[in-house]
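Residue strings, one per chain:
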Amino acid sequence: MAVNGTGLVAILRGVTPDEVLAVGEALAEAGIDAIEVPLNSPDPFASVERLAASLGERCAVGVGTVVDAADVPRARAAGARIVVAPNTDPAVIAAAVEAGMRPYPGVATPTEAFAAVAAGARHLKLFPADAVGIAGMKAWRAVLPPDVELLPVGGVDETNLAAWAAAGAGGAGLGSALYRPGDTPEQVGARAVAMRRAWAGATG
């Protein structure tokens, strides 16, 4: 993971265990900092286990779309280090912290952001980011504790990564702009290189 923040997170929604290693290798080669396998993907824990075993030393591996705290220990057993959720659920946050993992609860309002922080989260998934907007995130940044990181997810790509970074984002989740089911590792890798370049240009 990036030293001064989470950095870029690849969201592989729909990836299968058979293809995940080739795609993951392409992402790691491009310098992506973390890889998330949403739990509504086919056999997600198998994909996480393969990624963690092969690439866990090069980038953080995690699970996404976690809405049930019972899935957290399963993810930990598979080798996941981060837990990403579309919502703010104190039970999921607590389970991740207890397991020694890093929770990324989804927040769409300042009330949810502060509730997530109170539950123990220090990395917040701004979702959907295109609805909250860069101006909204800057306003949140002004009132949230300085050690709380904000990561926009939803509508983020190489055309606006620099603007999000300038507004104070500690990273970003990259979904369909980076990976769609059926894409080849080469296609994903080329997109990842472009997005990594855009992010590096903004963050130094």
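Cut-off values and rules
- Residues numbered from 1 in each chain as written.
- Predicted model: local features only at pLDDT ≥ 70, side-chain atom pairs only at ≥ 80, totals over all residues.
- Heavy atoms only, no water.
- Helix = DSSP H or I, 4+ residues; strand = E, 2+ residues; numbered from the N terminus.
- Phe/Tyr/Trp six-rings, centres within 6.5 Å; stacked < 30°, edge-to-face > 60°.
- Lys NZ or Arg CZ within 6 Å of the ring centre and 35° of its normal.
- Salt bridge = Lys/Arg side-chain N within 4 Å of Asp/Glu carboxyl O.
- Buried < 20%, exposed > 50% of the residue type's maximum accessible area, 1.4 Å probe, protein only.
- Pairing = 2+ DSSP bridges.
- Axes fitted to C-alpha atoms, helices over the stretch in contact; angles between N-to-C directions.
- Contact = heavy atoms within 4.5 Å.
- Expected span 1.5 Å × (residues − 1).

Asker: Hey, could you go over unusual backbone geometry for me, with residue numbers and the actual values?
Answerer: Here F127 and P128 are connected by a cis peptide whose omega angle stands at -5°. Locating P128 in the fold gives a position in the loop between β7 (123-126) and α6 (129-143). The phi torsion at D43 lies on the positive side, around 45°, for a residue other than glycine. Counting through the fold element by element, D43 comes out in the loop between β2 (34-38) and α2 (44-55).

Asker: Summarise the packing of aromatic side chains; cite the residues concerned and give the values.
Answerer: Inspection of every chain in the model, using the stated rule, returns zero aromatic pairs. The residue whose ring lies beneath K125 is F127, and the NZ or CZ to ring-centre distance is 4.6 Å.

Asker: Can you explain the pattern of salt bridges? Please cite residues and give values.
Answerer: In this structure the tally under the stated criterion is six salt bridges. With a shortest N-O distance of 3.1 Å, R58 and E25 are connected by a salt bridge. Taken together, the residues R58 in the loop between α2 and β3 (60-64) and E25 in helix α1 (residues 17-30) connect sequence positions 33 residues apart. Residue classification places R58 among the partly exposed residues on the basis of a relative accessible area of 43%. Relative accessible area serves as the criterion here: at 29%, E25 is assigned to the partly exposed category. Measuring nitrogen to oxygen at the nearest pair gives 2.9 Å for the salt bridge that ties E29 to R58. Taken together, the residues E29 in helix α1 and R58 in the loop between α2 and β3 connect sequence positions 29 residues apart. Among the charged side chains, a salt-bridge network with shared partners connects E25, E29 and R58.

Asker: Quick rundown of the sheet that holds β3? Include the residues and the values.
Answerer: Ordered by their spatial adjacency, six strands build an open sheet running β5-β4-β3-β2-β1-β9, and the pairing between neighbours is parallel. At either margin of the open sheet sits one strand with a lone partner, and together these are β5 (102-104) and β9 (171-174). Mean inter-strand twist for the sheet, computed between neighbouring axes without regard to direction, equals 25°. Packing against the sheet, helix α8 (residues 185-203) makes contact with β1 (7-11) and β9, and its axis sits at approximately 155° to β1.

Asker: Got a sec to walk through α2? Specific residues and values, please.
Answerer: Taking 1.5 Å of rise per residue, twelve residues should cover 16 Å, and α2 covers 16 Å from first to last C-alpha, within 8% of that figure. Within the span of α2, buried status applies to P44, F45, A46, S47, V48, L51, A52 and L55. Summarising the contacts, the buried residues of α2 are in contact with α1, β2, β3 and α3 (71-78).

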